[in-house]
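# Reading the structure
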Amino acid sequence: MTPALGVCYYPEHWPEDWWDRDAARMAEVGIKFVRIGEFAWSKLEPTPGDLRFDWIIRAMDVLGRHGLKVVFGTPTATPPRWMVDKHPDMLAVDANGRKKGFGSRRHYDFSHLGYREEAARITQLLADAVGNHPALGGWQTDNEYGCHGTTYSYSPAAEAGFRTWLEARYGTIAALNEAWGNVFWSMEYNRFDQIELPNLLVCEAAPAHDLDFRRYASDQVAAFNKVQYDILKAKRPDLPVIHNFMGRYTEFDHYDVAETLDVASWDAYPLGHLAMSDEPEDVKHHYMRQGEPDYQAFHHDLYRAVGHGRMWIMEQQPGPVNWANFNPDPLPGMARLWAWEAFAHGAEVVSYFRWRQAPFAQEQMHAGLLRPDSEPAPAYHEAAQVAQELRQTAIAGKAAKGRVAIVFDYQSEWAWQIQPQAKGFSHSAHVRAVYAAFRKHGVDIDILSPSTKSFAGYDIVAIPALFAWNDALREAIADFEGHLLLGPRSGSKTQNFAIPSALAPDLPSNLLDAKVLRIDSVDPTLEVEVRGGGGAVRHWRERIETRAEVEIEDADGWPVLIAQGKLHYLAASGNKALTQRIIDYLIAEADVPTLLLPAGVRSRVRDGFRIYVNYGSGAATLNPAADESGYVLGTAEMPAAGVTVAKLAKAS
Amino acid sequence: MTPALGVCYYPEHWPEDWWDRDAARMAEVGIKFVRIGEFAWSKLEPTPGDLRFDWIIRAMDVLGRHGLKVVFGTPTATPPRWMVDKHPDMLAVDANGRKKGFGSRRHYDFSHLGYREEAARITQLLADAVGNHPALGGWQTDNEYGCHGTTYSYSPAAEAGFRTWLEARYGTIAALNEAWGNVFWSMEYNRFDQIELPNLLVCEAAPAHDLDFRRYASDQVAAFNKVQYDILKAKRPDLPVIHNFMGRYTEFDHYDVAETLDVASWDAYPLGHLAMSDEPEDVKHHYMRQGEPDYQAFHHDLYRAVGHGRMWIMEQQPGPVNWANFNPDPLPGMARLWAWEAFAHGAEVVSYFRWRQAPFAQEQMHAGLLRPDSEPAPAYHEAAQVAQELRQTAIAGKAAKGRVAIVFDYQSEWAWQIQPQAKGFSHSAHVRAVYAAFRKHGVDIDILSPSTKSFAGYDIVAIPALFAWNDALREAIADFEGHLLLGPRSGSKTQNFAIPSALAPDLPSNLLDAKVLRIDSVDPTLEVEVRGGGGAVRHWRERIETRAEVEIEDADGWPVLIAQGKLHYLAASGNKALTQRIIDYLIAEADVPTLLLPAGVRSRVRDGFRIYVNYGSGAATLNPAADESGYVLGTAEMPAAGVTVAKLAKAS
Amino acid sequence: MTPALGVCYYPEHWPEDWWDRDAARMAEVGIKFVRIGEFAWSKLEPTPGDLRFDWIIRAMDVLGRHGLKVVFGTPTATPPRWMVDKHPDMLAVDANGRKKGFGSRRHYDFSHLGYREEAARITQLLADAVGNHPALGGWQTDNEYGCHGTTYSYSPAAEAGFRTWLEARYGTIAALNEAWGNVFWSMEYNRFDQIELPNLLVCEAAPAHDLDFRRYASDQVAAFNKVQYDILKAKRPDLPVIHNFMGRYTEFDHYDVAETLDVASWDAYPLGHLAMSDEPEDVKHHYMRQGEPDYQAFHHDLYRAVGHGRMWIMEQQPGPVNWANFNPDPLPGMARLWAWEAFAHGAEVVSYFRWRQAPFAQEQMHAGLLRPDSEPAPAYHEAAQVAQELRQTAIAGKAAKGRVAIVFDYQSEWAWQIQPQAKGFSHSAHVRAVYAAFRKHGVDIDILSPSTKSFAGYDIVAIPALFAWNDALREAIADFEGHLLLGPRSGSKTQNFAIPSALAPDLPSNLLDAKVLRIDSVDPTLEVEVRGGGGAVRHWRERIETRAEVEIEDADGWPVLIAQGKLHYLAASGNKALTQRIIDYLIAEADVPTLLLPAGVRSRVRDGFRIYVNYGSGAATLNPAADESGYVLGTAEMPAAGVTVAKLAKAS
Ligand SMILES: [Zn+2]
Ligand SMILES: [Zn+2]
Ligand SMILES: [Zn+2]
């Protein structure tokens, strides 16, 4: 598929007589897709039942006249004020028991069935009204599920839904008591209607109670999405239904939600996300105008997995944003680089947020392609350049399949938040560290869901910290002929959040003869060097008993990396040097080809092209790779924020 | 006017047979004014309607017999417990929705009209009872409006009041929706009674919603004060009505409240305020026994502006206080220095808080002029010395008009709290940095309100970070013939908190041909040097497009200081060195006379006298100024905490 | 008495056919006592009135058959879910007004009289059912009173109880108003039923209001315990009733609760408590695998005082725990060392928590003597070693009486939390610093309650920071012939939390002619050296007026240590060096014998034996003491985590 540019547009924010000029300029820039509608409910239905779809159809007419395709967003993330009068209990409740009111956005509870019906109603009405419009090119459901901490609600609706969900899961209260270990502190229930949500307790809830609540909440997001998907697909089976997910957001299982999506898109704000992240200060400072070099790529690969191979950027940062603690100006060229990198990782569309900076309301300090006075902002010109370069290079196809894969599991993220056992242990930081260590060598990576049934075709698969096995994954491991790296904590729990009777990592001894006896978790400033140099154990260390071969041990003689055939088990979290050393070791063992990338430069292959991007703040010189036949964009001399595209000698 | 000393006294705290001895000693110290009454409601009306004014009249008799004048404080900051039984909904509600109960002070909601009537009732009763007492010298309304975060309440009373206020302001709901930009996220209201307060939302409210709530809350403080003012002035048109404001407190618009005051006073706690401030640690440590050298002065000048030229210190710190995280002992002499500095800046009265340290209740660790055992504390002797020195020097008149003025605007403080865009950007810290840079050179400064109609008579006017212009100020700027310095963010919003259509700084191009295109906000530890040395841009940087002359630019070539004639625009916040460099530059350009002050020494001129104070922890030697004819108190050799008063050759 | 080992066991967590094998292994290890029952209510009474005691009696039968004695814990810390249906208002309310729900443990309000009756009911039923069981060896009431912040509740039940308690204490509302100083801010009440709890106020409550609420809450814990004690003693006057207190926990007065206990036990988690403490980072890091060397000992001595001379460890950490921010693996040997140290300080029983690590629920990461797979964990072998060594050494008797005593007072802890006057001033840290300075020299210490009537028999008594005198203590001071050290803040308040009329330290001038005039509290990073070297004043400094001899003064000339005969008053808190210097000085003056202990080594004498323990991370060599006749366990060469036991030449 030929990649394309898009933009987010809010015709309701501007005088109708500006629309045509706006559409003409979009077309001039080279934009193909325009997302509209997702915040317009109060204009579409100003009072209950008073439907005003005419104006948005006229906006679609205008856009269509300029050859633009519309992605229509259902407006369910921003129900109008009158909706709260109609359903006062649709508001979510925070973990402190406070109702979260109207006046911003996402003011609804995923568990509220009345609102779910309202969402179905407006979706059906819109599908009927615009579903056959010739400019229509796709749908977006809602907007950024879960943003502002909205996946979890502690409302009566959530409590009622949770009880029903538990009864369906466990059948009897005795089974639930057994699964949660409720005998532990006399926490046994007599009936499902005694169960409450795991907030506002005296101390922590049973971990299985907490995990089940998160599973329940995640299922409600999936159920909410399915309602819209079913309606939209029924109307137009040919058009993609898309949701715009977010970066660093893991409160629901995105694989589950994407069961009723055709494409996964995400909203990429490299600078805002870095500023608000828990990255070290030096990383924040060094990359404040570029974004962390592996952060975008990881999410591109993750959402390609979530989206069944199809991925868009629905919102791409174009300049300074408004919502981070600090909002730096990007390095000139970054709006181009980010787009190119997304395309390299398989994006079908990169859509800038937003067309024109809004001078009013919450996001008035958020840049657009146009300034509030309608003059071009820097990203306007960068977008036009990208459009021209896409035509010039004629890049198409899909992201190449990687030789390395990493399993990313949302439930593991929840599990280790519920039971960190070491303050600050982060599942996703641990996974991203493994990702970055591979990518430093120019190795292309795929992300896999934990329900993957086979690892065939990969040279190396890493499962960095999976909390509990499932049957599919156990089989995939048993059948895999490549190199496997299991990280610490893998298999350390059952699906009911208990320690397995055989102890972690809970694999048959013919696969891995090892037991985790206990954990040593310490302040991460206190590292333990590994023997032979090259890094240190940090934060998390497992005391294992094993008959496998010890490949690395620490200064105290505790095994760190063990191997049984090609299956490797890492019994600790490491500092950056140790993580890199272990990945280097695996790459060498598996004989995976690598690139010699300059610092700050990253690459990815898409259908016969290798795209290089330079996240460094200075120039860099590429080392031509053996499989390349020359550059079709840029040269080996990459300036800061530079993009170079090499043609591969043979299609990958 | 001849300045005088005062003291705060609570006859209800002590046996009646102590009063005469106390009054005699006050007179011996040289005290003229005694504030009483403001916490005595439960003694004045122990149960509803049971009025007991006799004892306080006897206390006034005693004080009057010793020649003391009474400032009578209305007791409305501490309604008795029975009042809460009568008006259970008079209690304020915090931003988390929790009612703030009885048991300390300020337990009332400014929006509660029932309590406002009770306040009027007790004020009228007291005015009738003591209004003609011969010892009466003035009134104080309530006590420290807003202290302990009491300006904002999120109660039903506040919600109802806010809706009424909005309807009065906007007339129609459509006008409000337009003003707030509610179309942005479908936040449009159908009716005023749907509007809620901007707390407990999913994410932030529209900034105009938040700003209007702050305006509303500020107006309620003003309305509350007006009720008392009208009653007190009706009784005694000849006596001043005063309120005691606080330092570093900006939650309501003090200019508005002071529309119904004759004098603005403030409660000066130099050490407590520094300990609880966000000043850097080295400043906190260096000045922990003196207070930050420009902090008191800034507030003196501010409250002189608020008080229509009339300013008192109603509460002056006399020794260690109880309420800061650390409560150091002042350097010997500071209780004298602070009083002299206040007089230098125009104070009519400096009143120490309090006469005798109370051995009980919340403030038992707060020093007084007397210890709890009635022996003199150090400040007792220092106050006596000040009284003697006032007589000796015969200082009188008013604070001299400055040649430099700075506009301080409360709404700008709120605006930049609502939308910092850079974590930690502080409007008032920014204003005080400009103030300190002028004052370092011995330049006397006036503070101006944003409703100032003319800048005539000043050589330099600074408007450091004003969020939105009003007509008066635009005219003052257009008509001004002196040097003007506009700081970053000035004019960057409309009064409805939107970006002006012409972009910031939103002045006619004949005044300033410049546009702010975007903002670059970064971690303040990352400074960008300006070219030519002398400081760095820090925290906030604007990308401007201008045809004005660029006087300073930064290392990246971004204009920092531009000028069009005498109008200068500063497009960034700077570190201390850059701020000083810019002020030095302006002082030189405007040819404003300066003094060569030793480090730690500050000065101010009052009616023919220049008062020097030494905030340093060591001795300092003054450089005699050309306009001085010699010292009438102290010498050029100033010890730590020293005060020197020079006589000017000609009246200023 | 011969010391013994114990273990905590939960038969309800394991299949009944495991019990016999478990009991046999316990006996093999050398365990004598088994605590059971305290979390089993939902198994003992699954629905209201459905009593199922048969299984636990069978468990006792099994344990008894193997010669084990049972400590039976009443299950009142974990009422079943149905109890909350029966008494919905039994749940406590936090300081933010939020009800704390079911789903973990300790979900009850000490003020709720209905639940107190339920606790009495189940206690009586259990006493009747198992009270005469031959295996029964003692009782435990409830479990860890106050854990998870459960001493204070802000519920309607607490409010009602507090009003009744106040009326009983003060008689008239006028007396209460006087005692609290309510005149201060018109806080006077008309009736007791107007009084509310001191949470959710506008600013802080009157300190006497806050202190009385803490006294009230403490009294409810004592009353709750008394109900159970009376029942259990009535059934079996011969068996000890024990409660398991905690480390670093001071929210109720343990002396008061122990008025209805025969033995005080505590739950010793040296690593978890250090990790969660406010100790400096270097101490946390250095001792992360051993625990802070004086922390365990202090609590042993404290609980020996609380328990009328009888002390147990009811829960001893055996390996990594689950609940700290970091959970390190102990140094090999620490489970042995901690037990030996407890015995040295007089423990009758050291009971490891727990027998087998539970693979489910909240504490699944908490080590036991057995791993979840029933294999021995390291502590299993260490416990067996201790049992063998106890037999070998034949240690018995009691902890020797110390020559030094320190008064520890819970109300002072509350007082200085209510009114720190210096951020971070900690009463208990201050007391422990004095304790550690004595113990560094091998001096054995006793802890005394503030109701001690005589100090006879001690060479030195320290009262580090007692907020208010009582008659007993005044007499003990007046009559004491040894050396007395009073710390800063001592006697600085009356029992009603007011400054005494004679000012602190409020002793007759024939005892100590000194007055504290004011306090200088500063950031603890700013120390003031004392003259003559050897430490610095830090955090807290009193300006005193005295005719006593000044033994140490600081660089500003403020007296730091003064003495009148053998009574010494310390007018400041000091850094570690100053505290040590003062204790060294006192030890020398009082001629108390000391030991020359290697760094990291500590000692304690029990009935003719001196036990040395090595908390250092390396080996240490003991200097044989003159009063020792040789080693009965270990040698002078102590490895890390080593234990050496010397026999004294004469019984101490
Ligand atoms: Zn290998
Ligand atoms: Zn100029
Ligand atoms: Zn002495």
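Cut-offs and rules
- Residues numbered from 1 in each chain as written.
- Chains lettered and ligands numbered in written order.
- Predicted model: local features only at pLDDT ≥ 70, side-chain atom pairs only at ≥ 80, totals over all residues.
- Heavy atoms only, no water.
- Donors = N, O, S within 2.8 Å, 3.2 Å for Na, K, Ca; no water.
- Helix = DSSP H or I, 4+ residues; strand = E, 2+ residues; numbered from the N terminus.
- Buried < 20%, exposed > 50% of the residue type's maximum accessible area, 1.4 Å probe, protein only.
- Least-squares fit on C-alpha atoms with pLDDT ≥ 70 in both.
- Contact = heavy atoms within 4.5 Å.
- Buried area = accessible area lost by both parts, 1.4 Å probe.
- Salt bridge = Lys/Arg side-chain N within 4 Å of Asp/Glu carboxyl O.
- Polar contact = N/O pair within 3.5 Å; in protein donor to acceptor, adjacent residues only side chain to side chain.
- Nonpolar A, V, L, I, M, F, W, Y, C, P; charged D, E, K, R; others polar.
- UniProt positions renumbered as here; feature names shortened; annotations may be inferred.
- Phe/Tyr/Trp six-rings, centres within 6.5 Å; stacked < 30°, edge-to-face > 60°.
- Lys NZ or Arg CZ within 6 Å of the ring centre and 35° of its normal.
- Tetrahedral: all angles 85-135°; square planar, octahedral: opposite > 155°, others 65-115°.

### What about the coordination of the zinc ion (ligand 3)?
Around a metal, the perfect tetrahedron of four donors has angles of 109.5 degrees, and the perfect octahedron of six donors has angles of 90 or 180 degrees. Residues and elements named next belong to chain C. Donor atoms from the polypeptide that coordinate the zinc ion (ligand 3) comprise Glu 551 (OE), His 568 (NE2), Glu 589 (OE) and Glu 589 (OE), at 2.0 to 2.8 Å from the metal. As a motif over one chain, the donors of the zinc ion (ligand 3) read E-x16-H-x20-E. Placement of Glu 551 in strand E16 (residues 549-553) and of His 568 in strand E18 (residues 567-570) is noted, with a sequence separation of 17 residues between them. The same class applies to Glu 551 and to His 568, which are both buried.

### Here we look at the relation of the copies chain C and chain B
Of the two same-sequence chains, chain C is brought onto chain B (RMSD 0.0 Å, axial shift 0.0 Å) by a rotation of 120°. One copy is carried onto the other by what is essentially a three-fold rotation axis. Scanning chain C for the C-alpha nearest the rotation axis identifies Asn96(C), at a separation of 5.5 Å.

### Focus: the interface of chain A and chain B
Between chain A and chain B, the residue contacts involve 53 residues of the former and 48 residues of the latter. With both sides pooled, the region where chain A packs onto chain B buries about 4,400 Å², and carbon together with sulfur makes up 55% of that total. Of all residues in chain A, the largest losses of buried area upon contact with chain B belong to Phe326(A), Gln362(A) and Met365(A), amounting jointly to 16% of the total for that side. Between chain A and chain B we count six salt bridges in total. Across the salt bridge formed by Asp85(A) and Arg191(B), the nearest N and O atoms sit 3.5 Å from each other. The interface formed by chain A and chain B includes 25 residue pairs in polar contact (both at pLDDT 80 or more). Where the side of chain A that touches chain B is concerned, the elements lending two or more residues are helix H2 (41-44), helix H4 (81-86) and helix H11 (281-286) of chain A. Among the residues making up the side of chain A that touches chain B, the classes are represented as 20 nonpolar, 17 polar and 16 charged.

### Quick notes on the interface of chain C and chain B
Taken together, the 48 residues of chain C in the interface contact 53 residues of chain B. Summed over both partners, the interface of chain C with chain B comes to about 4,400 Å²; 55% of that surface belongs to carbon and sulfur atoms. On the chain C side of the interface with chain B, the three residues burying the most area are Phe184(C), Trp185(C) and Val202(C), jointly 19% of the side's total. Our count for the chain C to chain B interface comes out at six salt bridges. Between Glu196(C) and Arg81(B) there is a salt bridge; the shortest N-O distance is 3.9 Å. At the junction of chain C with chain B, the criterion picks out 24 residue pairs in polar contact (both at pLDDT 80 or more). Residue assignment for the side of chain C that touches chain B shows that the elements contributing at least two residues are strand E13 (514-521) and strand E15 (536-546) of chain C. Here the side of chain C that touches chain B gets six residues from one element, more than from any other, and that element is E13(C).

### Quick look at the UniProt feature "domain: Glycoside hydrolase family 42 N-terminal" (unreviewed entry) in chain A
The UniProt record marks residues 8-392 of chain A with the feature "domain: Glycoside hydrolase family 42 N-terminal" (unreviewed entry), using the residue numbering of this structure. A helix fraction of 41% and a strand fraction of 11% characterise residues 8-392 of chain A, whose end C-alpha atoms lie 25 Å from each other.

### Structural notes on the UniProt feature "domain: Beta-galactosidase trimerisation" (unreviewed entry) in chain A
Here the UniProt feature "domain: Beta-galactosidase trimerisation" (unreviewed entry) sits at residues 403-592 of chain A. Along residues 403-592 of chain A the backbone is 24% helical and 29% strand, and the end-to-end C-alpha distance reaches 7 Å.

### Observations regarding the environment of Ala339(A)
Residue and element names in this part refer to chain A. One can find Ala 339 in helix H13 (residues 334-344). Residues Ala 339 and His 539 lie 200 residues apart in sequence; the distance between their C-alpha atoms is 36 Å. Not counting residues within four places of it along the chain, the set of residues in contact with Ala 339 comprises Val 350, Tyr 352 and Val 386.

### Focus on the packing of aromatic side chains
Counted according to the given criterion, the structure contains 134 aromatic pairs over all chains. Plain terms: the ring middles of Phe162(A) and Phe213(A) are 5.6 Å apart, the flat faces sit at 80° to each other, and that makes the pair edge-to-face. Taken together, the residues Phe162(A) in helix H6 (residues 156-170) and Phe213(A) in helix H8 (residues 207-235) connect sequence positions 51 residues apart. Comparing Phe162(A) with Phe213(A), the two get one shared label, buried. Relative to Phe497(B), the ring of Trp416(B) lies with its centre 6.5 Å away and its plane at 85°, an arrangement referred to as edge-to-face. Taken together, the positions of Trp416(B) in helix H15 (residues 410-418) and Phe497(B) in the loop between strand E12 (483-486) and strand E13 (514-521) put the pair 81 residues apart, joining distant regions of the chain. The two residues Trp416(B) and Phe497(B) agree in class, both being buried. Its end group placed over the ring of Phe609(C), Lys647(C) keeps NZ or CZ at 4.5 Å from the ring centre.

### A look at the side chain of Asp262(B)
Residue and element names in this part refer to chain B. Mapped onto the elements, Asp 262 comes out in the loop between helix H9 (254-257) and strand E6 (263-268). A distance of 3.2 Å separates polar atoms of two side chains, one belonging to Asp 262 and the other to Tyr 229. When residues no more than four places from it in sequence are discounted, the contact partners of Asp 262 are Tyr 229, Lys 233, Leu 239, Pro 240, Val 241, Gly 307, His 308 and Arg 310.

### Details of the coordination of the zinc ion (ligand 1)
Residues and elements named next belong to chain A. Taken together, the protein ligands of the zinc ion (ligand 1) are Glu 551 (OE), His 568 (NE2), Glu 589 (OE) and Glu 589 (OE), with distances of 2.0 to 2.7 Å. Around the zinc ion (ligand 1) sit four donor atoms; with metal-centred angles ranging over 52 to 163°, the donor geometry is irregular. Taken in chain order, the donor set of the zinc ion (ligand 1) reads E-x16-H-x20-E. What makes His 568 buried here is its relative accessible area of 1%.

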